[in-house]
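One letter stands for each residue in the lines below.
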Amino acid sequence: MEFLDEIIKATNDFLEAMPKQIRKGYGQFFTSKETALFMSEMYDLSFLGHEVSVLDPGAGSGILSIALIDRLAKASGITKIKLTCYETDSNIIGLLASNLNRVKEYYPCSFEYQIIQDNYILSQSDEYNNTLLADACPKKYDIIISNPPYMKIARDAPEALAMPDLCHGAPNLYFLFLGMSLFNLKDDHELVYIIPRSWTSGAYFKRFRENLFSKSSIEAIHVFESRDKVFDNENVLQETMIILIRKTQAHVDCVRITSSNSNRKFNHLTTLLVPYDCVVSGRDHYVFLPTTKQDVESISAVNKFNSTMPDLGLRMKTGIVVDFREKDSLRSDAGDDVVPLFYSQHIRNGRVNHNPSGKNMDWLSTSKQGLLQKNKNYIFCKRFTAKEEKRRLQLGIFLSNDFKQYKVIGTQNKINFIDMSDGSDLDKDLVYGLYVVFNSTLYDQYYRIMNGSTQVNSTEMNSIPVPPLDIMRDMGKQLIASGDLSTENCDAILKETVYEQGRRYKKISG
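As the structure is a computational prediction, the values presented were derived from the model and not from experiment. (Residues numbered from 1 in each chain as written. Predicted model: local features only at pLDDT ≥ 70, side-chain atom pairs only at ≥ 80, totals over all residues. Heavy atoms only, no water.)

*Asks:* Can you lay out the pairing of strand β22 (residues 408–411) for me, pointing to particular residues and giving the numbers?
*Replies:* As paired elements, strand β15 (residues 339–342) and β22 share 2 bridges and run parallel to each other. Within β22, the residue paired with Leu-341 across the bridge is Gly-410. In the sheet, strand β19 (residues 373–374) pairs with β22 via 2 bridges, with the strands oriented antiparallel. Bridging across to β22, Lys-374 finds its partner in Val-408. (Pairing = 2+ DSSP bridges. Helix = DSSP H or I, 4+ residues; strand = E, 2+ residues; numbered from the N terminus.)

*Asks:* I'd like a description of unusual backbone geometry, backed by residues and values.
*Replies:* Even without glycine at this site, Asp-188 takes up a positive phi of about 65 degrees. Tracing the backbone through its elements, the reader meets Asp-188 in strand β5 (residues 185–196). Residue Asp-337 is not a glycine yet carries a positive backbone phi of 60 degrees. Turning to its location among the elements, Asp-337 is positioned in the loop between β14 (330–331) and β15.

*Asks:* Tell me what's going on with the nonpolar core, and back it up with residues and numbers.
*Replies:* Here is a general trend for soluble globular proteins: nonpolar side chains tend to be buried in one another's company. Counting 137 residues, the largest nonpolar core has Leu-72, Trp-199, Ile-221, Leu-434, Phe-438 and Tyr-443 as the members making the most contacts within it. Here the element with the most residues in this core is helix α8 (residues 173–184); it accounts for 9 residues. Residues in contact with Leu-72, not counting those within four places in the same chain, are Leu-45, Leu-48, Val-52, Val-54, Ile-78, Ile-81 and Ile-143. Membership of the second largest hydrophobic core comes to 21 residues, among which are Val-321, Tyr-343, Leu-372 and Phe-380. (Core = buried A, V, L, I, M, F, W, Y, C linked by side-chain atoms within 4.5 Å. Buried < 20%, exposed > 50% of the residue type's maximum accessible area, 1.4 Å probe, protein only. Contact = heavy atoms within 4.5 Å.)

*Asks:* Lay out the sheet that holds strand β4 (residues 141–146) in plain terms, naming residues and giving numbers.
*Replies:* In spatial order, the strands read β3-β2-β1-β4-β5-β7-β6-β8-β9; together these 9 strands make up an open sheet with mixed pairing. At either end of the open sheet lies a strand with only one pairing partner, and these are β3 (110–116) and β9 (270–275). Averaged over all pairs of adjacent strands, the angle between strand axes in this sheet comes to 15 degrees, irrespective of strand direction. Relative to β3, strand β2 (residues 80–86) is paired through 7 bridges, and the arrangement is parallel. (Axes fitted to C-alpha atoms, helices over the stretch in contact; angles between N-to-C directions.)

*Asks:* Would you mind going over the sheet that holds β19 in detail, with residue names and values included?
*Replies:* Taken together, the 5 strands give an open sheet; going across it, the order is β14-β18-β15-β22-β19, and neighbouring strands pair in mixed fashion. Where the open sheet ends on each side, the last strands, each with one partner, are β14 and β19.

*Asks:* Describe in detail the confidence of the model for the chain, supporting the description with residues and values.
*Replies:* Confidence in the prediction of the chain, expressed as mean pLDDT, is 90, and 91% of residues score 70 or more. For the stretch residues 501–510, pLDDT sits under 50, and the model shows 13 contacts to residues farther than four places along the chain or on other chains. (pLDDT = per-residue confidence, 0-100.)

*Asks:* Could you give an account of the side chain of Glu-326, naming the residues involved and the relevant values?
*Replies:* Within the fold, Glu-326 resides in the loop between β13 (314–318) and β14. Here Lys-368 takes part through its side chain, which lies 3.1 Å from a polar atom of the side chain of Glu-326. Filtering out sequence-adjacent residues up to four positions away, Glu-326 remains in contact with Val-321, Lys-368 and Leu-371. (Polar contact = N/O pair within 3.5 Å; in protein donor to acceptor, adjacent residues only side chain to side chain.)

Spelled out as structure tokens, the structure:
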């Protein structure tokens, strides 16, 4: 597409002249030609009439809009296109207008455009919240396409206050844009967005997901297999995805998930049709991104269980001590009124010990009761792992008898630990049974599909379905008897207990 090449060149000239720090202040990253063309091809145009209204709420230089207009203009039956662009960056408005004027000359169909230099969210907050000042018939669009700004804002920022039903904690502009676009979209019509993956799980995005899936259905997802080269001339390392959403309360049977080896060219696409319930799953509407049949099987296997840890009186929590804030309480040696402080480095080969961790301060002396916890049985789990590590879930069994000279201990906040919700002690069989579950390949795969980051989030772990307590205790007894804490042994025990013993399987799923 030669015309789009010209638009890309003009955009690149703009980028060279504009300091990146200024664009970062807007959360502004420009879409590559290949990404724009791929996004424009995702729509089903069969339901559109002769006249099509298009919204681009974060237009930039117009790359996405023009790629979409090219497809619409070449589609049979479409004779008129009306484009509305929102853009607040005064530095790029001139380029956007120039590019859209050239569209008028290039395409034979009737084309009109409007550039609104206003805050996309705030300009429609009255309509969104149906206040007395709202337009009785707010404008709705046939198609919406966007690469929105990626920028965290304060919870009391005007944009967050304008959409309170979506916000929990510190919001990001990108999902507010998506929420407002859904409001702007006609019923049973489609929008395509390129956005970070972060919204797919976690508590901060729970309200947004609930709102989104009460009004719309995901129909297609593209997953980028690596973080670089998604945007032209940009060093964006955040995991990114493209989503096609239809505004409807009915959902499709299967979601089309694509991925490719080359982010730049979108060639050699791998396509997977995944049952909708394996993509949008659980009470908190987490979005899973399986890219292989094995991923789908893993999701289906874990989702057969009906209870989460909190349902069973268990809960994963985050370590208590933020060590750099408690420097005066840290010690390098044991002594009177000194207790062991456990770091992730103390998790080794499935157990927790207190051999030197590489830290100089493995001990804690404090009168702050809030920094101490009872010495009892736990499962420890590293919160952070390296991207290249084989496992995301790395666990250690902590037995109180191994440190029976201490009534209390400290846990650094780069580990998580599983405890009874009521504060009582985990029995040994259950400790080992939990280890079997979360040290298995199945649950490690499940968590990787759920969360693309290298952080193990306790909120997400508490949302994962697990076997019943009696089953986990039985598995724990088998693990204790074997004395083998390897993943391979945990896989064998989980498979034998849950999948190959028909009586137990019937008990679990029935």
